[in-house]
Every structure is written in C-alpha cells, then in structure tokens.
Amino acid sequence: MKTDIEIAQEAKMLPIKEVAKQLGMEEDDLELYGRYKAKISNEYWEKIKKNKDGKLILVTAINPTPAGEGKTTVTVGLGEAFGQLNQKAVIALREPSLGPCFGIKGGAAGGGYAQVVPMEDLNLHFTGDFHAITAANNLLAAMLDNAIQQGNELHIDPNQVVWKRCVDINDRVLRNIVVGLGRKVDGTVREDHFVITVASEIMAILCLATDYADLKERLGKIIVAYTYDGTPVTAKDIRAVGSMAVLLKDAMKPNLIQTLEHTPALVHGGPFANIAHGCNSVKATKTALKMADYVITEAGFGADLGAEKFLDIKCRKAGLKPDCIVLVATVRALKYNGGVSKEHLAEENLEALEKGIVNLEKHIENLQQFGVPVVVTLNQFITDTEAEYEYIKKFCEERGCEFALAEVWAKGGKGGIALAEKIIKTIHEKPSHYAPLYPDDKSIKEKIEMIATKIYGADGVTYSPEAEKEIRNIEKMGYADYPVCMAKTQYSLSDDKNKLGRPKGFTIHIREIYISAGAGFVVAITGNIMTMPGLSKTPAAFGINLTDEGKIEGLF
C-alpha cells in the first residue's frame, strides 16, 4: 500500500478556481495562493450571508490511542461520500501545527484516499496564518515589555506579567525562561514563558471572531499583566490593538483547498483541543454553512475535549446548532482500552473488546447529554473481524445510535457512502435538541465540576491554592459568566493518561486557572498538562527530508 504522502503527491488536483466553481464562486471571490490554494474574500461573505444554513455535522472520537482512530480521515472521507451521493457538501477543518508535524503525531490532512491536498503545503507553511498569529502574539509581548522599559506609565508590576510569547514548534526549554538580562537598556529582568502558537489566546480569538470589528474588540480585552495594586492591564491599554489587527488581516480569511476527490474544504484556524478550545474558526464554519447543504467539521482529540468545547464554547458563542454528531472509533483502539498490547491488536479478542468498549459507551452517553443525535462509525482496518463488527454494532444500536463502517482510508468517498446515508437518515428522522451542558450563570467552580463529573465521570474536583485564589480574582473582575476551557490529557477521560477505558473513583485536580478575556473563556489546567510540548526521543523530524530534486519525503 502506498504511503499517505505518495498518494497525495500522485493526486491530480484541480485548479482551486475549478473547485470554487462547484460552489457557484467566481474568481473574484478568491485571493489565490498559487494554483491550488486560495483565501475567500470578505466580499464573498456579503454575497452569501443571507443564504439558508446547511446541516452541521460534527465528527469526534473516543480517546486517542497508539492504535489510531482516524477522525480527520473519516471527516474527509465523509465529505467525499456526500459528493458521491451528489449532495452539496463542504468540509471545515483546522490547520495543522508544525509542532506535532515535526514531533510525534505527524500532520493532519487525513489519510489514504481520504486526504485534503496539497498535503505538504497544508502541513507546512500553508497560507501563513500561524506565522501571522505568532507575530501578533510576540508583537504584543514586545510592546508590553517596552511599556515597562519606557517609564512604565501604566505602573505594570513585572512580577505580574501574564502574557506569554509563542512559537509553533515543540520546544520544552522555552517553557520557563528569564528575559532582560544584560544592560539596563536591554529591559527589565523577569521570568517569562513560551506557549506553542496553537495555545495562544490570539489563536482562540482568530477562531472565534466574526469580523474585523469583533477581532479588534477581542484583542483589546486581552489581559497582559497587572499593576502594583492588582488592576488588570490590557492590550488596549498598551496601544497594541491596531498593529496586531493589521498582522491578522489576511489570516482572518478562511482558506479553500480540496480533497483527493475535489470536495471543497475550508481549512482555517488550529487550536489544540487538549490545551485550547480545539475547533476551526467560526468564520469558516459559518461561511461553509452558507455555501453547502451539508457541512462536515471536526473537533480535536476525544469527545471529552474537542466535542465538549465545540458544544459548550464554540456553539454557545457563535449561535451554532449541530444537527448530528459522528463518533469515530476503531476495533483496535477499543481492544487497546481493554488491555491488549499494541503488538496483539490484530488478533480477534471479543473479551478485550467487551472490556474496552466502555470508553465508547461513556462518549455516547456524554454526547447524548447535549441533545444531538449520535451516529457511531468504525474506521476500518483489514485485521478487523465480522464478529467484532457485529458486537460493536449491536452495542451501539442498543444505546440509540445508528452505526456504519467507514472504509474511506482504502476506498475514498465510496467507502463512506453507508455512513453518509446513515447520517442523512438520522438528520431527517431525529431532530437535534442541542443545548450546552451548563448555563452561563453557574459559578466557575460549578462549571468545572459539571464537566468533571458529567463528562469525565470524576467523583469531584480539587484545586491548588493558586487556582482557588485566581478563581476569586476572575469572579471579582466580572468574568464568572464565561464558559470554561479545560486543559487535560487527551489519552484518558481522567487527568491521568494511564487510566484507560472508563475510569472510576478519581478526582480532577485543577493546578492553574487563568482568564482569556479576549477569547471569552476561562482556562482550567489539570494535572501535568503543558501548554508548550516537547519533542520525543525520536521525533518525526528525523524522517523528514527534501531530496536534491526538491521533493518532500517523510511527512505523514
């Protein structure tokens, strides 16, 4: 079987102008980045904003395992399958980060014959959105330090600077640093920190802003530091908003590319779901809904993270209402949750499947709490058996879910037709009654505890003294009505990555809390989660190469 990059490099792409024509777009609606990539102009939104919305389909998954789940692959294949059924569909995805691309996870373009292309461009610099976000973030940091250096008229306490610099690479040595060393003209000596770009509040703001006015308003609300008397200092206070907005001007526009079968795909924004809110941009999703009858989008990692944040943060803030949720699992991943080692996952093992399927069960229960109908799909592997399929199918149907296999990795859109038909049937027969998990007027602690107990299955929540203090401070500043963005390991429903399946008898520990006032949510950090990842002993970067002929190798 060919590798993902070999399949992508052999693909016959259409000029992006031809892909856009499928949606009734004209060349003037696009801002071209070469032949196969484009940004959608602001003027195009004005043309379509009164169109009726299509149906919104969210793709999520069980907790990720080393066995692989293939959520993006299913999302892309599903978009292709709707095309096979002559339905007008658009895919809405996040942009990949360079961190995992050169780290351990690899890229995020799908896989096999269910990929978006150009794959190399998407996984590398693409249209420069992440670079713009990084530049805006670090411009704000520079202007903040300059405000302190140039007389400190705002009375900023250098020990209470909370804004962090960022870079879109896994680099653990930047987590905790000291800046301002050297001469007096080199700045004030203080401790500083880096986060990965996808964890930057500016990434969240870009993904939640609806237009330039909203973007600037949100940027202005960013809290960067506190004064000696504890008053918050914002980006607006240090007069950074206009310059940051200029850097983000083009990054605000959604990107249009295509799948291997030429299905249009809007790929825009890219917050991680374990340390950020995990959804593509509101602007891309809303644009897609005006362009097509069906929009297939995804939320990062497992449903306990990405889907919960999609439903509790993005939908709440943007007024979106999903019509159906697709929950992706694999036989291999369920057996892994049942205690089977990675080396033996190819062997039929119904006993392990029975033990591990409780992870799927919990995610089904969680999603049903939001009032949205759920369709379960298995991303097919050649080692799966009919007995394993039948067991899972019966298990899902007993819990009120439709079920279908996804063979999109091997067959592209044709391998997703059964799943697409189940989704269409579900949308027409089971109306969505979407509602978020908690109301705005709950306290911050009540919101955290509802997520921990109702979604993760925890017995309760504990807080560090620092988190307790910060909650009081956030509520005092008037942000108690904000939703909560939980930063938690993706590998377990708990905050301990080693607790697989459906853990019980555990508590969630909140180590740190901070306010993302511009994004409009409170971030709660659990356990040992890091907002700046590190590289593994053998990162993917070892296997990536550029040949003497200019061909990229090793991306996956």
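All values reported here derive from a predicted model rather than from experimental measurement.

(A) Quick look at the nonpolar core. Of all hydrophobic cores here, the largest spans 141 residues; its most connected members are Leu-219, Ile-222, Leu-360, Ile-392, Ile-448 and Ile-510. Residues within four places of Ile-392 in sequence aside, it is in contact with Val-331, Leu-334, Leu-353, Ile-357, Leu-360, Leu-378 and Phe-403. Counting 21 residues, the second-largest nonpolar core is a separate cluster that includes Ile-296, Ala-406, Leu-419 and Ile-427.

(B) Quick peek at unusual backbone geometry. At the junction of Val-117 and Pro-118, the peptide bond is cis and its omega measures out at 5° in the coordinates. Following the sequence through the fold, Pro-118 ends up in the loop between β6 (114–117) and α6 (119–123). The residue Asn-152 is not glycine, and still its phi comes out positive at about 50°. Residue placement: Asn-152 occurs in the loop between α7 (129–149) and β7 (156–161).

(C) Summary view of the pattern of salt bridges. What the rule picks out here adds up to 36 salt bridges. For Asp-312, the salt bridge is made with Arg-316, and the minimal N-O distance between the two is 3.6 Å. Placement of the pair is Asp-312 and Arg-316 together in helix α12 (residues 303–318), with a separation of 4 residues, close to one helical turn. Across this residue pair, the class does not change: Asp-312 and Arg-316 are buried. For Lys-393, the salt bridge goes to Glu-397, with nearest N and O atoms at 2.9 Å. With a gap of 4 residues between them, Lys-393 and Glu-397 both fall in helix α15 (residues 386–397), about one helical turn apart.

(D) Layout of the environment of Asp-214. Position of Asp-214 relative to the elements: it lies in helix α9 (residues 212–221). Remark: the alpha-carbon pair of Asp-214 and Val-246, spanning 32 residues in sequence, is separated by 14 Å. Once you skip the residues sitting within four places of it in the chain, Asp-214 turns out to touch Leu-208 and Ala-209.

(E) Spotlight on the sheet that holds strand β22 (residues 507–516). Reading across from one edge, β20-β22-β23-β21 is the order of the 4 strands in this open sheet, with mixed pairing throughout. Edge strands, defined here as strands with exactly one partner in the open sheet, are β20 (460–463) and β21 (484–487). Ignoring which end each strand starts from, the neighbouring axes of this sheet average 40° apart. In terms of strand pairing, β20 meets β22 through 4 bridges, oriented parallel. Within β22, the position partnered with Tyr-463 by the bridge is Ile-510.

(F) Examining the side chain of Asp-312 more closely. Classification of Asp-312 as buried rests on a relative accessible area of 0%. Ignoring anything within four residues of it in the chain, the contact list for Asp-312 reads Phe-370, Pro-436, Leu-437, Tyr-438 and Pro-483.

Conventions we followed
- Residues numbered from 1 in each chain as written.
- Predicted model: local features only at pLDDT ≥ 70, side-chain atom pairs only at ≥ 80, totals over all residues.
- Heavy atoms only, no water.
- Core = buried A, V, L, I, M, F, W, Y, C linked by side-chain atoms within 4.5 Å.
- Buried < 20%, exposed > 50% of the residue type's maximum accessible area, 1.4 Å probe, protein only.
- Contact = heavy atoms within 4.5 Å.
- Helix = DSSP H or I, 4+ residues; strand = E, 2+ residues; numbered from the N terminus.
- Salt bridge = Lys/Arg side-chain N within 4 Å of Asp/Glu carboxyl O.
- Pairing = 2+ DSSP bridges.
- Axes fitted to C-alpha atoms, helices over the stretch in contact; angles between N-to-C directions.

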